[in-house]
Amino acid sequence: ILSKLLIMAVLKLEAAGLEIIGSVCDGATTNKSMWHEFGVKAAVDSSNEIQIICKISHPYDDNRHLYFLSDTPHLIKCIRNHLMQHRTGTLCGIDINFKYYIDLYKNDCQRGTLRLAPKITQNHIQPSCFQKMIVSYATQLFSRTVANAIHILRENAVADFRKSEGTEKFTRIINDFFDAMNATRKKNGIRKNDDFHQTIITFRKYLLSSTNTFTSTMTLESLRVTVESTLEILEILFNLGFEYVLTCKLNQDAIEKFFGILRNMGGTDDHPTITTFTQLFRLMCIYTPTKLKIAGNVKDSSDIDCSASLVEYVNTLRHTSRKNENQRAERRQFIDDLLVDRISQLPNVKDSTNVYLLDHDYCKTETTDAIIYHLAGYVAFKGPSFTNCSECLNSLKSETCPVLPSTIVTRIYFFVKIYNRELLSSSKKTKLDKKKAKLN
């Protein structure tokens with residue numbers, strides 16, 4: 001279902017004039033299942049080499065590709081969580097041990113206020129379930145400041161940091177990789193063959209090692225696909241004449257911020273339904289420009305006052321409401337015309353025994369007919385209980401009994417059903433009265 005929704009969204013956005021180049025998601029199992037449905041993977045083939053498939057043919061244009069990426073901040077958190085759980089790991093032969101981060105924090109706590117890594121706290125090395133979702137706790141742990149602190153402690157011959165070269169190097173690699181994959185300003189943008197570009201290319205070489213254990217298999221696959229997709233997207237944009245690329249646009253931070261705003265607008269209900277989400281989205285689309293129009297400190301060149309803007313909103317909503325009402329009326333009329341047309345094409349429409357009309361032939365019989373049928377059947381069934389005369393009993397039965405119309409059967413059914421319901425209700429009421437009498 002998710003893959004179909006993705007294709008549908010891409011086609012609609014392309015039809016609206018946008019050019020979709022890739023899809024970004026987190027590491028949820030449903031998203032990974034979608035990747036596998038499209039054939040996106042990074043697995044070891046028969047020749048023990050990493051085969052990476054990071055794109056598919058574009059559903060809107062066969063001459064283009066649709067790339068798949070995983071959210072880089074989410075991947076950094078997964079790396080931290082894996083090392084925190086397993087304590088050790090390797091990256092292309094580089095040994096990593098999580099205990100050096102813990103020892104750094106303990107050593108810093110003994111220094112008082114003059115610390116080597118002042119941002120590192122207990123939440124960084126032993127985060128709670130909620131704190132594990134905070135990106136800054138992971139990125140600050142794999143920062144240049146932490147790498148420098150480990151280097152200083154090792155150079156000062158602190159016993160706990162004798163073999164920390166691998167952890168220091170790994171920390172610098174992850175720090176540089178995240179900076180390259182999260183460029184937010186023009187001066188930090190990725191330019192062709194600059195340091196950030198080379199950092200991503202170098203990290204791809206590290207990921208091609210089949211002995212990496214610094215993270216889980218699923219996260220490692222996501223890293224390989226994401227890095228490969230990023231490099232190919234950069235190459236496409238550079239060929240189109242882009243001077244630089246802000247790689248933060250390849251993350252899902254923007255949409256997470258958008259969802260956070262909508263949750264805050266929901267007040268105490270921070271898990272809105274689809275209907276509530278749509279209403280909040282429409283409200284925000286009106287609220288934001290209206291607020292800027294009223295509270296803005298710059299006069300609009302169009303010289304339209306606030307009241308005119310509000311009147312325009314009202315007119316737009318009324319026009320949309322009338323348009324929707326007209327569409328609903330047209331749909332109802334279309335269905336009515338279609339039913340009349342189909343019914344008129346049925347054979348023998350005026351025949352009361354027509355099989356197509358039996359279930360809805362409500363006006364052919366009267367209520368008294370249903371009562372007569374019901375009482376006659378009751379008398380015929382209960383006859384042996386009040387007489388032994390065979391002649392009398394035979395007179396109650398007929399070998400040429402006409403077929404009972406379906407309308408009579410339907411009315412008898414509902415008559416018996418209502419009767420039984422009233423009987424059951426009366427029985428329950430009687431039992432309840434008896435219990436009340438006992439209590440009294």
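Residues numbered from 1 in each chain as written. Predicted model: local features only at pLDDT ≥ 70, side-chain atom pairs only at ≥ 80, totals over all residues. Heavy atoms only, no water.

Participant: What exactly am I supposed to notice about helix H8 (residues 165-181) here?
Facilitator: Given 3.6 residues per helical turn, the α-helix brings residues three or four places apart onto the same face. Along its 17 residues, H8 runs 24 Å from first to last C-alpha, staying within 8% of the 24 Å computed at 1.5 Å per residue. Here H8 lies mainly inside the structure; 12 of its 17 residues are buried. Buried within H8 are the following residues: Gly 166, Thr 167, Glu 168, Phe 170, Thr 171, Ile 173, Ile 174, Asn 175, Phe 177, Phe 178, Ala 180 and Met 181. (Helix = DSSP H or I, 4+ residues; strand = E, 2+ residues; numbered from the N terminus. Expected span 1.5 Å × (residues − 1). Buried < 20%, exposed > 50% of the residue type's maximum accessible area, 1.4 Å probe, protein only.)

Participant: Where do I start with the packing of helix H2 (residues 29-38) against helix H10 (residues 217-239) in this structure?
Facilitator: Each pair of packed helices can be summarised by the angle the axes make with each other and by the distance between the axes. The N-to-C vectors of H2 and H10 enclose an angle of 55°; their axes lie 12 Å apart at closest approach. Taken together, the axes of H2 and H10 lie oblique to each other. Helix-helix and strand crossings are classified by hand; for H2 and H10 the assignment is left-handed. Of the residues in H10, those touching H2 at Lys 32, Trp 35 and His 36 are Met 218, Glu 221, Ser 222 and Val 225. Residues that form the contact of H2 with H10 fall into these classes: 3 nonpolar, 2 polar and 2 charged. (Axes fitted to C-alpha atoms, helices over the stretch in contact; angles between N-to-C directions. Parallel < 35°, antiparallel > 145°, perpendicular 65-115°, else oblique. Left-handed = near helix turned anticlockwise from the far one by under 90°. Contact = heavy atoms within 4.5 Å. Nonpolar A, V, L, I, M, F, W, Y, C, P; charged D, E, K, R; others polar.)

Participant: What is the right way to read the side chain of Gln 131 from this model?
Facilitator: The topology assignment puts Gln 131 in the loop between helix H5 (122-125) and helix H6 (135-141). Among the polar contacts made by the side chain of Gln 131, one reaches the side chain of Asn 123 at a distance of 3.2 Å. Among residues more than four places away in sequence, those in contact with Gln 131 are Arg 80, Asn 123, Gln 126 and Tyr 137. (Polar contact = N/O pair within 3.5 Å; in protein donor to acceptor, adjacent residues only side chain to side chain.)

Participant: Even after reading the chapter, I still don't get the sheet that holds strand S4 (residues 55-57), so can you show me in this structure?
Facilitator: Pairing within the open sheet is mixed, and its 3 strands lie in the order S1-S5-S4. Single-partner strands in this sheet number two, and they are strand S1 (22-25) and S4. Put simply, the sheet's adjacent strands are angled 20° from each other on average, direction ignored. By the bridge criterion, 4 bridges tie S1 to strand S5 (residues 65-70) in an arrangement that is parallel. In the sheet register, Ser 23 faces S5, and the bridge partner there is Phe 68. Here H10 sits on the sheet in contact with S4 and S5, set at roughly 135° to S5. (Pairing = 2+ DSSP bridges.)

Participant: Teacher, can you tell me more about the pattern of salt bridges here?
Facilitator: Pairs can form between side chains of opposite charge once their charged atoms are near each other. Inspection of every chain in the model, using the stated rule, returns 13 salt bridges. For Glu 232, the salt bridge identified is with Lys 55, shortest N-O distance 3.1 Å. Within this pair, whereas Glu 232 is found in helix H10, its partner Lys 55 is found in strand S4, the two being separated by 177 residues in sequence. Among the ionic pairs, Glu 325 bridges to Arg 332, the shortest N-O distance being 3.6 Å. Note on Arg 332: relative accessible area 46%, which makes it partly exposed. Each of Arg 154, Glu 165, Glu 168 and Arg 172 takes part in one network of salt bridges that share partners. (Salt bridge = Lys/Arg side-chain N within 4 Å of Asp/Glu carboxyl O.)

Participant: Sorry, what's going on with the packing of helix H3 (residues 72-86) against H10 here?
Facilitator: The interhelical angle for the contact between H3 and H10, taken along N-to-C directions, is 145°, at an axis separation of 10 Å. Crossing of H3 over H10 shows left-handed handedness. Here Thr 72, Leu 75, Cys 78 and Ile 79 of H3 lie close against H10, whose contacting residues are Thr 219, Ser 222, Leu 223 and Thr 226. Residue composition of the contact of H3 with H10, grouped by class: 4 nonpolar, 4 polar and no charged.

Participant: When you look at a nonpolar patch on the surface in this model, what are you seeing that I'm missing?
Facilitator: On the surface, a nonpolar cluster with roughly 410 Å² of combined accessible area is contributed by Ile 1, Leu 2, Leu 5 and Met 8. Its place among the elements puts Leu 5 in helix H1 (residues 2-15). (Patch = residues over 30% accessible without salt bridge, like charges linked within 9 Å, V, L, I, M, F, W, Y side chains within 5 Å. Areas by Shrake-Rupley, 256 points an atom, 1.4 Å probe, with all protein chains shown as cover.)

Participant: Teacher, can you tell me more about the environment of Val 158 here?
Facilitator: Inspection of the secondary structure assignment puts Val 158 in the loop between helix H7 (144-155) and H8. On the accessibility criterion, Val 158 (23% relative accessible area) is partly exposed. Sequence separation between Val 158 and Asn 107 is 51 residues, and the spatial gap between their C-alpha atoms is 9.7 Å. Setting aside chain neighbours within four positions, we find Val 158 in contact with Asn 107 and Leu 153.

Participant: Would you mind showing me how to read unusual backbone geometry here?
Facilitator: With the exception of glycine, the majority of residues adopt a negative phi angle, and the majority of peptide bonds are in the trans configuration. Positive phi, close to 50°, is recorded for Cys 92, a residue that is not glycine. Tracing the sequence through the fold places Cys 92 in the loop between strand S6 (88-91) and strand S7 (94-97). For Cys 92, a relative accessible area of 37% translates into the label partly exposed. Even without being a glycine, Asn 193 presents a positive backbone phi close to 65°. Assignment of secondary structure puts Asn 193 in the loop between H8 and helix H9 (195-207).

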